[in-house]
Amino acid sequence: MENFLRVWRQQAKVRGQFDSAIFIGDKVLALTNSDEDALWLAEVHFSNNNYTRALALLSGQDLISRSTACRYLAAHCYIKQGQYEQALSTLGDQNPTHLIRSSNSRRKLQHINGQSRITLRNGKGAASRIDRSEERDREDASNIRYEAGMCYLRGLCFAKQNAFDRARDCYKDAVRIDVQCFEAFDQLMKNSLMSPTEELEFLESLDFDSITGADAPISQEAAHFTKMLYTTRLSKYSSPAILTDATETLSTHYKLAENPDILLSRAEALYTQCRFAEALELTSSILSTSQSSLSSAHTGPTAQSHLGHSPAVYPLHLACLYETGATNALFLLSHTLADHSPEESYTYLAIGVYYLSVSKIAEARRFFSKASLLDPHSAPAWIGFAHTFAAEGEHDQAIAAYSTAARLFQGNHLPQLFLGMQHLALNNMSLAQEYLCAAYAMSTGTAAGTVPSIPSMPSELSTLGGDPLVLNELGVVLYHQNHLDNAVELFRQSLGLATSLQCEPGAWVATRSNLGHALRRLGRYPEALEEFDECVRIGAAGTSLGYTPFLGGSGGNASGVASSGVSGYEERGLIGSLHTARGLILLELSRTMDAVTALHEAVRVLGASGGGDAAGGAGVAGTLLSRALEIWASETRESENVMSEDGRAPLRTSTRSSRDKGKGHAARRRIAADDSYTEEWTDEVAQAGVDLPVEHTTVEDTIEMELDHDAERLLAETVGRVRGGQRGRHRLLASSPEIHDVRKGGRLGRHFAQSRS
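Residues numbered from 1 in each chain as written. Predicted model: local features only at pLDDT ≥ 70, side-chain atom pairs only at ≥ 80, totals over all residues. Heavy atoms only, no water.

S.K.: Explanation requested: the overall build of the chain in the structure shown.
M.R.: Helix and strand counts for the chain come out as 39 helices and zero strands. Intrachain contacts of the chain at a sequence separation of at least 6 include 58% that bridge at least 24 residues. Carbon and sulfur atoms make up 51% of the accessible area of the chain, which amounts to about 39,200 Å² in all. (Helix = DSSP H or I, 4+ residues; strand = E, 2+ residues; numbered from the N terminus. Contact = heavy atoms within 4.5 Å. Areas by Shrake-Rupley, 256 points an atom, 1.4 Å probe, with all protein chains shown as cover.)

S.K.: Can you help me understand the pattern of salt bridges in this one?
M.R.: Throughout the structure, instances matching the rule amount to 21 salt bridges. Across the pair Asp-35 and Arg-66 runs a salt bridge whose closest N-O atoms are separated by 2.8 Å. In this pair, Asp-35 is assigned in helix 3 (residues 35-47) and Arg-66 in the loop between helix 4 (51-60) and helix 5 (68-80), connecting sequence segments 31 residues apart. Of the residues examined, Asp-35 reaches a relative accessible area of 34% and is grouped as partly exposed. Judged by its relative accessible area of 49%, Arg-66 is partly exposed. Put simply, Arg-537 and Glu-534 hold a salt bridge, and the shortest N to O gap is 2.5 Å. (Salt bridge = Lys/Arg side-chain N within 4 Å of Asp/Glu carboxyl O. Buried < 20%, exposed > 50% of the residue type's maximum accessible area, 1.4 Å probe, protein only.)

S.K.: What's the story with helix 23 (residues 395-408) in this structure? I'm lost.
M.R.: The α-helix advances 3.6 residues per turn, and as a result positions three or four apart in sequence lie on the same side. The end-to-end C-alpha separation of helix 23 is 20 Å, in line with the 20 Å expected for 14 residues at 1.5 Å each. Along helix 23, the residues that are buried comprise Ala-398, Ile-399, Ala-401, Tyr-402, Ala-405, Ala-406 and Leu-408. Buried positions along helix 23 lie against helix 10 (164-177), helix 22 (379-391) and helix 24 (414-425). (Expected span 1.5 Å × (residues − 1).)

S.K.: I'm lost on the nonpolar core in this one. Help?
M.R.: Generally speaking, soluble globular proteins have nonpolar side chains that are buried together. Counting residues in each nonpolar core, the largest one holds 65 residues, and the members touching the most others are Leu-58, Tyr-152, Leu-153, Tyr-171, Phe-185, Leu-206 and Phe-208. With 10 residues, helix 9 (residues 141-160) is the single largest residue contributor to this core. Discounting chain neighbours no more than four positions away, the residues touching Phe-185 are Val-175, Phe-202, Leu-203, Tyr-230, Arg-233 and Leu-234. Among the nonpolar cores identified, the runner-up in size contains 51 residues, and Phe-164, Ala-329, Tyr-348 and Ile-351 belong to it. (Core = buried A, V, L, I, M, F, W, Y, C linked by side-chain atoms within 4.5 Å.)

S.K.: Even after reading the chapter, I still don't get the side chain of Ser-265, so can you show me in this structure?
M.R.: Turning to its location among the elements, Ser-265 is positioned in helix 15 (residues 260-272). If near-sequence neighbours (up to four positions away) are discounted, Ser-265 is found in contact with Thr-232, Lys-236 and Thr-247.

S.K.: What am I meant to see in the packing of aromatic side chains here?
M.R.: The relation between two aromatic rings is expressed through the spacing of the ring centres and the mutual angle of the planes. According to the stated counting rule, one finds 17 aromatic pairs in the structure shown. Ring centres of Phe-46 and Tyr-51 lie 5.3 Å apart, and the angle between their planes is 65°; this geometry places the pair in the edge-to-face category. The class of Phe-46 is buried, set by a relative accessible area of 17%. With a relative accessible area of 16%, Tyr-51 lands in the buried category. (Phe/Tyr/Trp six-rings, centres within 6.5 Å; stacked < 30°, edge-to-face > 60°.)

S.K.: Even after reading the chapter, I still don't get unusual backbone geometry, so can you show me in this structure?
M.R.: Excluding glycine, most residues fall at negative phi; most peptide bonds, likewise, are trans. You will see that Asn-33, though not glycine, has its phi angle at about 55°, which is positive. Relative to the helices and strands, Asn-33 resides in the loop between helix 2 (18-32) and helix 3.

S.K.: Where do I start with the packing of helix 19 (residues 327-340) against helix 20 (residues 345-357) in this structure?
M.R.: A pair of packed helices can be characterised by two numbers: the angle between their axes and the separation between those axes. Taken N-terminus to C-terminus, the directions of helix 19 and helix 20 make an angle of 150°; their axes are 9 Å apart at the nearest point. When the interaxial angle is binned, helix 19 and helix 20 end up roughly antiparallel. In this structure, helix 19 meets helix 20 at a crossing whose hand is left-handed. In this structure, helix 19 contributes Thr-327, Leu-330, Phe-331, Ser-334, Leu-337 and Ala-338 to the contact, and helix 20 contributes Tyr-346, Thr-347, Ala-350, Ile-351, Val-353, Tyr-354 and Ser-357. (Axes fitted to C-alpha atoms, helices over the stretch in contact; angles between N-to-C directions. Parallel < 35°, antiparallel > 145°, perpendicular 65-115°, else oblique. Left-handed = near helix turned anticlockwise from the far one by under 90°.)

Now the structure itself:
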């Protein structure tokens, strides 16, 4: 009868019919009165959220003191009810560290088994001691997982009490005791309780060889597979090569390329590289579902695809939508989550991100606060809450909020980075440098708590890992402290690190611009000009961060995403400032014409912004443009004067029409037909050229006079050759008073000269 009832209750539990399982399980317990049946019934009560009935059952038969599994279940019931002190009293304060196995214990066992001649002083072989240890582990295997689980529960209790150091130690001990206790490992990773370097070191210290299977090859493969799965959960700022190898192996060899966790890991890596459009494609593919599972008669596929997924995907998806400017997608997602998941923290996070994207700061702050109340350990909610104060220039409140985030997430470098940026905005350079150095130490694994001195900072900061933005902010601090050489080195390290991480080039235009300004102040104008030229090229090439709004969810195809200049900053303001800086450097290089062109482009770009800060910056570019035009005009006049003194003809700048020029030359040719009149006219022209002051002589007048000299000389030579044949005719004309009047320049003579042509 007992076996029949046990099968019945088990089938009811599998089908989710908890009332039937409880009814039959109570009868089994009454028949057998065994500890196993009591524990099974308490587990069914726990699964049915009947925590009080489960505790009463465990306490009534005094199972808590006699069974490790029952003690674990009782403590879990207290935690579900929010009674953390009772849970700690049930669990105890100390972790069973004697159960921790080192990562090389199996290697030591294999090595000792290969040396059968080695014996201890008491005459017993080392291999026999290790064998007995293995036997003890096998005997206690049923309780080891519960001991690891209790370490995990202790960590939860300490975290609820804000004792994060003790919580971190409990989580680490739980994974060391049982490497398959993923809950503890997940708490360490998602709450950023360790720095990226500490995460990697902790992963290497775990004993994955303790995972057992049917035979040795399967156990070895299972250990390697588990380690790769854990590797994908590490921070994306340390050892990108290791993360990439693990992801590729799981995607290709084990065919997990479409698994949501693997896609999420790849999307996180792309997000840290500022490749937001590609990350958005992956998060959208995670949220997408097959069309066959959608009920198009009731809900649309877009709304339905945002539901029923892991909560970990929503913060990253929201961040990608915000960075790509997809406000419409944020609005739709916020409404969908509010309708279907009103009790989840990521729902209010989505609403807060939407309001932040449309610059409604007060509303965004309210919803970020609500998200942090629902999930006090939500890093995106706390950082978003702090961002709302920073957006309004409330630096003191922002510093307080970022400090809370830094206390809650001790291994995350972002709160330290934002604290440094706030102190930089307040011109507190020493505090800014301290926080930024702490952020760099967290992201790279350098010695924590030490602030490098300014002269040795570039040499002490390694570029093997970390966040390039931290190096950029450190460079800005040194720039304002007039340590320009060190600032140039840090800006170069930031760009080199961004390149090694395969970051989006357009995301680091501002860093390259900072490098150009530092080089400009050092007087290294050609190098500075190269940097600004590269900035303009990147901004105009379309490889930037600004994209048109795109709503993912239909297979993750982001083909509708289009580039629109450099984003993350005021687009026109940044491009205009780049042209302004180029014009300033070109003026320093005495390339006045190129400077005028660059400054004219700056005024055009800044003036097209339609107002705001960018339009205010156009005044600076306009002032520089006016000065450049004055310098250009002055240089042009000096060049003309030098050429006039040297007797060389400057470049012709006349704007007269060709028709007027043709009339003038034709008239001169007509007048020059008479030799005696030509001589008289040229004397007058020469006298006029002498009497005319130099400063009133234009380039056009100078060129025309020289052309007149050449033309008159050629005409005089021609007339001279034919003068002999016309001597008699000239004598007859000379004896006529009317023709004499022509030679004297009288009215009839002018009319005659014109009619002859």
